[in-house]
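Per-entry structural report
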Amino acid sequence: MTTWSDLLPEILNRIAGKLDFYEDSVNFLCVCTSWKSSVSTTKTMMRHLPSRLPMLMLAESDTDEDDKNEHEHEHKLRRFFLLSNGGTMRKLPLPEAQRQRCVSTHGWLLTTGEEEFCAMLVYPLTRAQVDLPRLYMFDELYFDQDEWMYYLFSMRKVVFTSPNPLSSDPSFRVIIIWGKTIGFCRPRDASWTRINSWEGHLFDISYHGARKRLYVVATMGAIYECDVTNDVLGPKTLSRVTRRRVWVLVCSVGVFTRVGV
């Protein structure tokens, strides 16, 4: 009698090619050893598949119970809360995030460490990594280390100009707010590029893919824009586009919404 483990590799590859989400690919490979070893396309395709639902990465734990767990200590597991199935907890090996400051966008983590001001993009589901330039440009990092915990002297937000850092898109940029400074880079750049020329306090940033513009919200809701995808060298200068009182700028499905008018 034929069992599931006896299915031909050609059939398994065809089934695997119809999987649309990363979680489905993981479950597929976990059915049995023969499925995992026979399928060739899934292992390469799953690296680029989107996650089904958002996940919340929980903070590292310093409890004695976790310290005694040798398996967790060895593999540096991080806990993720998934909204699927009414809320489930999953542990994933993610040593790249150990004792790192993390912010997230498009399912990726931007991690930064105090040692040599290093920065890196990490995809938690596959542990794919993209190295970024060191953060020497951001003046806030030169404050005493104890000051990093304060809001004005920490990494506040990261946005991408396109969803996938692993793609060959030449216009891909990583843009971050660190304290009172905005900077952007390409993964292969030697350093970050500064963005200047807004007035007052910096509140928020968002990138509009269709218009290919970075939008910045500052004091009194003033909105500025900037093109970060051209190859002009040197700091970028923002142009003011509105004087309306806006507090947060939200971009959803290519449409901007003013929140807090």
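The structure reproduced in this document is the subject of the present report. (Residues numbered from 1 in each chain as written. Predicted model: local features only at pLDDT ≥ 70, side-chain atom pairs only at ≥ 80, totals over all residues. Heavy atoms only, no water.)

Description of the overall build of the chain
When helices and strands are tallied, the chain shows six helices and 18 strands. Of the contacts formed within the chain by residues at least 6 apart in sequence, a portion of 45% connects residues at least 24 apart. In the form shown here, the chain has an accessible surface area of approximately 15200 Å², with 53% of it arising from carbon and sulfur atoms. (Helix = DSSP H or I, 4+ residues; strand = E, 2+ residues; numbered from the N terminus. Contact = heavy atoms within 4.5 Å. Areas by Shrake-Rupley, 256 points an atom, 1.4 Å probe, with all protein chains shown as cover.)

Observations concerning the pairing of strand E4 (residues 101–105)
One ladder, built from five bridges, connects E4 with strand E5 (residues 108–112); its direction is antiparallel. Counted as the bridge partner of cysteine 102 is threonine 111 from E5. The turn linking E4 back onto E5 is made up of two residues, and histidine 106 within it adopts a positive phi angle of 55°. (Pairing = 2+ DSSP bridges.)

What about the sheet that holds E5?
By definition, the strands of a sheet pair up through backbone hydrogen bonds, in either a parallel or an antiparallel sense. Pairing is antiparallel in the open sheet, where four strands are placed in the order E4-E5-E6-E7. Two strands bound the open sheet, and with one partner strand each, they are E4 and strand E7 (128–132). The sheet shows a mean angle of 25° between the axes of neighbouring strands, direction not considered. By the bridge criterion, five bridges tie strand E6 (residues 119–123) to E7 in an arrangement that is antiparallel. Bridging across to E7, tyrosine 123 finds its partner in alanine 128. (Axes fitted to C-alpha atoms, helices over the stretch in contact; angles between N-to-C directions.)

Looking at the environment of cysteine 185
For cysteine 185, the location among the structural elements is in strand E10 (residues 181–185). In this structure, the C-alpha to C-alpha distance between cysteine 185 and valine 228, residues 43 residues apart in sequence, is 8.9 Å. Once residues within four sequence positions are removed from consideration, cysteine 185 is found in contact with Leu132, Pro133, Phe172, Arg173, Val174, Ser191 and Trp192.

Topic: the sheet that holds E10
Taken in spatial order, the five strands line up as E8-E9-E10-E11-E15 in an open sheet, and their pairing is mixed. Where the open sheet ends on each side, the last strands, each with one partner, are strand E8 (155–160) and strand E15 (236–237). Sheet topology note: the E8/strand E9 (residues 174–178) ladder contains five bridges and is antiparallel. For valine 159, the partnering residue across the bridge sits in E9 and is isoleucine 175.

A few points about unusual backbone geometry
Of note in the backbone geometry, arginine 99 takes a positive phi value of approximately 55° without being a glycine. Residue position: arginine 99 is located in the loop between strand E3 (88–93) and E4. Since its relative accessible area comes to 74%, arginine 99 is described here as exposed. Phi is positive for serine 197, which is not a glycine, with a value near 85°. Residue serine 197 is classed as partly exposed on the basis of its relative accessible area, which comes to 40%. (Buried < 20%, exposed > 50% of the residue type's maximum accessible area, 1.4 Å probe, protein only.)

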